[in-house]
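Spelled out from the first residue to the last, the chains are:
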Amino acid sequence: MVKELESSLEGPVTILADSQAALKALMSWTINSKAILDCKNALLEVRDIAGICWVLGHSDIAANEEADELARGGSHSTHLPCYAPTEPKDDDSKDLFCSQLDSAISSLPKGDIKPIIGDFNDTVGYNNSNLSTVMGTQGLGNVRNDNGDRLVDFCVRNRLFIGGSKFAHKNIRKYTWESPDGQTRNLRPAVINRQHQKRNKLNLLRLQSAETARRYKVGLTGKLRGNNMINTWDDIATTCREVATSVIGTAQQPVKTMDQAKTNEAKVLGKSNYRVAANIVKRLARRDKRLYFNKLAEQAEQASNIGNIRSVYETIKQTSGNNIRPIAAIKGENGRELSSPEEQIDRWRKFFSHRGASR
């Protein structure tokens, strides 16, 4: 490809790209991808390149639109619909299904995205001990059945992840079939995708120290020279990762308190416990309120029977609450508020005398 590019050049050429991420990766001093390394080496072999510039994508540049079409054609996704034998089926039928599914996966191109959508008639449960790269903690059921074990083994063999077990849902949304007795439930159609491995981040701030940078350079140089290995990208990446982890170390994750981001299972459990406790408190509050008013009603009835009207009035006042309306302030002719009772009585006397005279 490089030779074809050189033969077609008639002078210095400027390469236009619409991906800022790609340009930053090419200009970076650190390389984290084999594709970036190959691209950088290929560009270094071309002599007549004036520069590489960024352009706005989808701006009617013919060569850029053609490159977008080639990029879309390079990525491919293959969906595999399937339906597994039910749990009571014999082992031979289940083994045949698993072998056919393995053959279908192995026959696909290596770079294809392989989502598997189907009904495996499985129960994987929520316990993902030593299986965090295969499943989450949001599965259905407490015990994994035989189909669930086969599904987990299949995902381990093919480096796949059970997507339906990752995110929290209500149990009613996790299954599509329920037996008449309500004891057996089947998961909704599973969506299985390739695994996404999470790596610890390196503490790159330590490279600001000259001593740490020197130790990293010496360790990496000695490691690459001492192994006498073929410098494939996998070997180089593994070596760089090992030296960086031992010399630089990983960044320490911030310690989260109990009130901060818990796991999904803990959140769901906490909300469930809160609802149960809140319902109990509300039920007890309604009971205590009912007993309180019944007691007041009995007191009012006893007071009425003996003719104690004042006690009846006080009891009714307690049940009705404090509904006394506040008295508005009385103002004089000049607009000043009158605070003393004598001034207020005199003001009322003048008011009514004036009303009587006007009639």
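Structural notes, computed from the coordinates.

Conventions used here
All residue numbers refer to positions counted from 1 along the written sequence of the respective chain. Confidence filtering applies because this is a predicted model: local features only for residues at pLDDT of at least 70, side-chain atom pairs given and counted only at 80 or more, and all residues used for totals across whole chains, interfaces and linings. Note: side-chain values were computed over all heavy atoms of the structure, leaving out hydrogens and water. Only DSSP runs of H or I covering at least 4 residues are called helices, and only runs of E covering at least 2 are called strands; the numbering of each starts at the N terminus. Only protein chains enter the accessibility calculation, which uses a 1.4 Å probe; a residue is then buried when its area is under 20% of its type maximum, exposed when over 50%, and partly exposed in between. The criterion used for residue contact is that any of the two residues' heavy atoms lie within 4.5 Å. Per-residue and other accessible areas follow the Shrake-Rupley method at a 1.4 Å probe size, with only the shown protein chains counted as cover for residues. With axes taken as lines fitted to C-alpha atoms, and helix axes fitted only over the stretch in contact, angles between N-to-C directions fall between 0 and 180 degrees. Should an angle fall under 35 degrees it is taken as roughly parallel, and over 145 as roughly antiparallel, whereas 65 to 115 is taken as roughly perpendicular and any remaining angle as oblique. Less than a right angle of anticlockwise turn of the near helix away from the far helix marks a crossing as left-handed, whereas a clockwise turn marks it as right-handed. Lys, Arg, Asp and Glu make up the charged group, whereas Ala, Val, Leu, Ile, Met, Phe, Trp, Tyr, Cys and Pro make up the nonpolar group; the residues left over, Gly among them, are polar. Note that patches include only residues with greater than 30% relative accessible area and no salt bridge, and the join distances are 9 Å for like charges and 5 Å for nonpolar side chains (Val, Leu, Ile, Met, Phe, Trp, Tyr). For this document, the term salt bridge refers to a Lys or Arg side-chain nitrogen within 4 Å of an Asp or Glu carboxyl oxygen. When charges are counted, Lys and Arg contribute as positive and Asp and Glu as negative, whereas His and the chain ends are disregarded. For this purpose, a charge sits on NZ of Lys, CZ of Arg, CG of Asp or CD of Glu. Classification of ring pairs uses Phe, Tyr and Trp, with its six-membered ring standing for Trp, and accepts pairs whose centres are within 6.5 Å; under 30 degrees between planes counts as stacked, over 60 as edge-to-face, and the remaining range as tilted. Distance and chemistry together define a polar contact, namely a pair of N or O atoms within 3.5 Å, with one atom able to donate a hydrogen and the other to accept it when in protein, and with adjacent residues in sequence counting only for side-chain atoms on both sides.

**Structural notes on the overall build of the protein chain**
Regarding its fold elements, the protein chain presents 11 helices and 8 strands. Within the span of the protein chain, comprising 359 residues, buried residues form 23% of the whole. Long-range contacts, defined here as pairs at least 24 residues apart, represent 64% of the contacts in the protein chain between residues at least 6 apart. Summed over all atoms, the accessible surface of the protein chain reaches about 27,200 Å², with 54% contributed by carbon and sulfur.

**A few points about the packing of helix H5 (residues 91-106) against helix H6 (residues 146-158)**
Packing of H5 against H6 leaves a shortest axis separation of 11 Å and a crossing angle of 25°. By the criterion of interaxial angle, the relationship of H5 to H6 is roughly parallel. For the pair H5 and H6, the crossing hand works out as right-handed. On the side of H5, the interface is formed by Asp91, Lys94, Asp95, Cys98, Leu101, Asp102 and Ile105, while H6 contributes Asp146, Asn147, Arg150, Phe154, Arg157 and Asn158. Grouping the amino acids of the contact of H5 with H6 by side-chain chemistry returns 4 nonpolar, 2 polar and 7 charged.

**Notes on a positive patch on the surface**
On the surface, Lys170, Arg173, Lys271 and Arg275 cluster together to form a positively charged patch. Counting through the fold element by element, Arg275 comes out in helix H9 (residues 264-305).

**Describing the packing of aromatic side chains**
Enumeration according to the criterion identifies 5 aromatic pairs in this entry. Here the aromatic residues Trp348, Phe351 and Phe352 are joined through ring pairs into a cluster of three or more.

**So, the side chain of Asn128**
In this fold, Asn128 is placed in the loop between strand S4 (116-119) and H6. Of the polar contacts made by the side chain of Asn128, one reaches the backbone oxygen of Met135; its length is 3.3 Å. Residues contacting Asn128, with those up to four places away along its chain left out, are Met135, Gly136 and Thr137.

**Quick look at a nonpolar patch on the surface**
A contiguous nonpolar patch, built from Val276, Ile280 and Leu284 and spanning about 230 Å² of accessible area, is present on the exposed surface. Turning to its location among the elements, Leu284 is positioned in helix H9. Residue classification places Leu284 among the partly exposed positions, given a relative accessible area of 38%.

**Structural notes on the side chain of Thr315**
Structurally, Thr315 can be placed in helix H10 (residues 309-320). Separated by 2.8 Å, the side chain of Thr315 and the backbone oxygen of Ser311 make a polar contact. Excluding residues that lie within four positions of it along the chain, Thr315 makes contacts with Leu296 and Ala300.

**Here we look at the pattern of salt bridges**
As enumerated under the stated definition, the model contains 13 salt bridges in all. Across the salt bridge formed by Arg150 and Asp95, the nearest N and O atoms sit 2.5 Å from each other. Note that Arg150 is positioned in helix H6 and Asp95 in helix H5, a separation of 55 residues in sequence. Judged by relative accessible area, which is 40%, Asp95 ranks as partly exposed.

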